[in-house]
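Structural features, examined
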Amino acid sequence: MTAPDSIPDIASNLAEVQRRVLKAASDAGRASSAVTLVAVGKTFGPERIEPALVAGQRVFGENRVQEAADKWPPLRSAYSDLRLHLIGPLQSNKVKRAVELFDVIETVDRPKIAKALAAALGERARQVSCFLQVNTGAEPQKAGVLPEAADDFIGFCRDDLALPVRGLMCIPPLDEEPSLHFALLAEIARRNGLDGLSMGMSADFDVAIAFGATHVRVGTAIFGARAPRAASTAQA
Ligand SMILES: *Cc1c(COP(=O)(O)O)cnc(C)c1O
């Protein structure tokens with residue numbers, strides 16, 4: 001547990017991450033505007049989020065619907081141009097709530113959720129776009145469609161359900177070389193004509209940008225280390 005008096009210098013962490021994003025983009029011959037930094041503030045309260053907002057950061061990620069509902073409405077009133085991404089698993093009974101809270105849902109991972117999302121979006125005018133999550137490492141405990149099922153799932157979401165699919169998202173296995181997974185995700189997106197690639201976290205966002213990431217999801221490098229969550233707590 002981090003003591004309140006050891007709040008890191010979030011503005012300077014953020015500036016350093018932004019500098020690395022620009023460098024990685026420029027090294028890869030990509031425009032800096034091609035990469036969006038999604039600041040992942042999960043587990044942290046407004047005392048750590050606000051310094052990032054004050055420093056100009058406007059795109060944030062949360063992995064739980066309830067936590068976002070508790071935390072973000074007051075911040076949204078103060079910063080009307082902020083954009084919130086859901087980056088954690090979504091259950092069908094929380095889809096309606098999720099489309100009220102989030103601008104981008106990055107974790108559409110199965111037909112049931114895709115259908116529930118299409119129905120919820122049909123009922124409201126708010127613009128919400130989505131990424132489809134691919135389980136590039138075929139890990140049994142991890143969400144996402146398997147790579148071999150990705151083309152069909154993309155077609156189903158985009159053509160049958162008319163979901164606003166911006167791209168693909170992955171979380172590589174912890175113990176494997178992430179670049180293999182970034183390359184695989186980029187290849188699936190390319191052959192399906194999708195531009196968006198949400199990949200790369202604190203440990204590997206530079207590599208992800210070299211492989212074409214359009215969205216990097218960075219928590220620890222900006223906000224500091226998180227206290228571990230209780231393992232039994234329900235997801236999203
Ligand atoms: C927590 C989380 C991140 C950020 O991870 P860091 O290693 O702290 O940068 C990125 N993506 C997802 C899906 C997460 O749950």
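Residues numbered from 1 in each chain as written. Predicted model: local features only at pLDDT ≥ 70, side-chain atom pairs only at ≥ 80, totals over all residues. Heavy atoms only, no water.

1. Concerning the overall build of the protein
The condition is simple: For helices the rule is a DSSP run of H or I covering at least 4 residues; for strands it is a run of E covering at least 2, with both sets numbered from the N terminus onward. For a compact globule the rule gives 2.2 Å times the number of residues to the power 0.38, and the radius of gyration it is set against comes from C-alpha atoms. For each residue, the accessible area found with a 1.4 Å probe, counting protein chains only, is set against the maximum for its type, and the residue is called buried under 20%, exposed over 50%, and partly exposed in between.
Tallying secondary structure elements over the protein gives 9 helices and 8 strands in all. Against the globule reference of 18 Å for 236 residues, the protein gives a C-alpha radius of gyration of 17 Å, in line with a compact fold. With respect to the principal axes defined by its C-alpha atoms, the protein has extents near 50 × 40 × 35 Å. When each of the 236 residues of the protein is scored for burial, the buried share is 50%.

2. What about the site of the ligand?
Selection criterion: A cutoff of 4 Å decides nearness: a residue is near a molecule or strand if any of its heavy atoms lies inside that distance of it. For this analysis, a polar contact is any N or O atom pair within 3.5 Å, provided that within protein one partner can donate a hydrogen and the other can accept it, and provided that sequence-adjacent residues contribute only side-chain to side-chain pairs. Using only the protein atoms, space was sampled on a 1 Å grid; points where a 1.4 Å probe fits but cannot get out form cavities, open sets with protein on both sides within 12 Å along at least five of seven lines form pockets, and lining residues are those with an atom within 4 Å of a point. In this scheme, a molecule is assigned to a cavity or pocket if more than half of its atoms are within 2 Å of the grid points. Think of it as three bins: nonpolar holds Ala, Val, Leu, Ile, Met, Phe, Trp, Tyr, Cys and Pro, charged holds Asp, Glu, Lys and Arg, and polar takes everything else, Gly as well.
Residues in contact with the ligand, as listed here, are V40, K42, I87, M169, I171, M201, S202, R217, V218, G219, T220 and R226. Measuring from an oxygen atom of the ligand, one finds a side-chain N or O atom of S202 at 2.5 Å. The cavity where the ligand resides is the largest pocket. Here the shell around the ligand is composed, by residue class, of 6 nonpolar, 3 polar and 3 charged.

3. A word on unusual backbone geometry
Excluding glycine, most residues fall at negative phi; most peptide bonds, likewise, are trans. Non-glycine residue A138 carries a positive phi angle of around 45°. Within the fold, A138 resides in the loop between β5 (129-133) and α6 (150-160). Look at A138 and you get partly exposed, because its relative accessible area is 45%. A positive phi angle is found at A162, which is not glycine, with a value near 55°. Note on placement: A162 falls in the loop between α6 and β6 (165-169). A162 sits in the exposed class, given a relative accessible area of 58%.

4. Considering the packing of helix α5 (residues 111-122) against α6
What counts here: Fitting a line to C-alpha atoms yields each axis, with helices limited to the stretch in contact; the angle taken between N-to-C directions then spans 0 to 180 degrees. Angle categories are assigned with fixed cut-offs, so that under 35 degrees is roughly parallel, over 145 is roughly antiparallel, 65 to 115 is roughly perpendicular, and the rest are oblique. Put simply, a crossing is left-handed when the front helix is turned counterclockwise from the back one by less than a right angle, and right-handed when it is turned clockwise. Note on definitions: a residue-residue contact is assigned when non-hydrogen atoms from the two residues lie within 4.5 Å.
At a closest axis distance of 10 Å, the pairing of α5 and α6 adopts a crossing angle of 15°. When the interaxial angle is binned, α5 and α6 end up roughly parallel. Note that α5 runs across α6; the crossing there is right-handed. Across from P111, A114 and K115 in α5, the residues of α6 making contact are F153, F156 and C157.

5. Some remarks on the layout of surface pockets
Our working rule: Grid points are joined across faces, edges and corners, and a volume is the space filled by probe spheres set on the points.
When its volume is computed, the largest pocket comes out at roughly 970 Å³. As for the largest pocket, its lining consists of 30 residues, of which K42, K142, I171, M201 and R217 are closest to the centre. Taken together, the residues of the lining of the largest pocket sort by class into 13 nonpolar, 9 polar and 8 charged.

6. Quick notes on the packing of aromatic side chains
Two numbers describe a pair of aromatic rings. These are the distance of the centres and the angle of the planes. Put simply, the rule is: Each pair of aromatic rings taken from Phe, Tyr and Trp, with Trp reduced to its six-membered ring, is defined by centres within 6.5 Å and is described as stacked if the planes are under 30 degrees apart, edge-to-face if over 60, and tilted in the remaining cases.
Applying the stated rule across the entire model yields 2 aromatic pairs. Considering the side-chain rings of F44 and F223, the 6.2 Å spacing of their centres and the 40° angle between planes classify their relative orientation as tilted. Here F223 lies in helix α9 (residues 220-223) and F44 lies in the loop between β1 (36-40) and α2 (46-54), a separation of 179 residues in the sequence. The buried category is assigned to F223, whose relative accessible area is 0%.

Geometry only, nothing functional implied.
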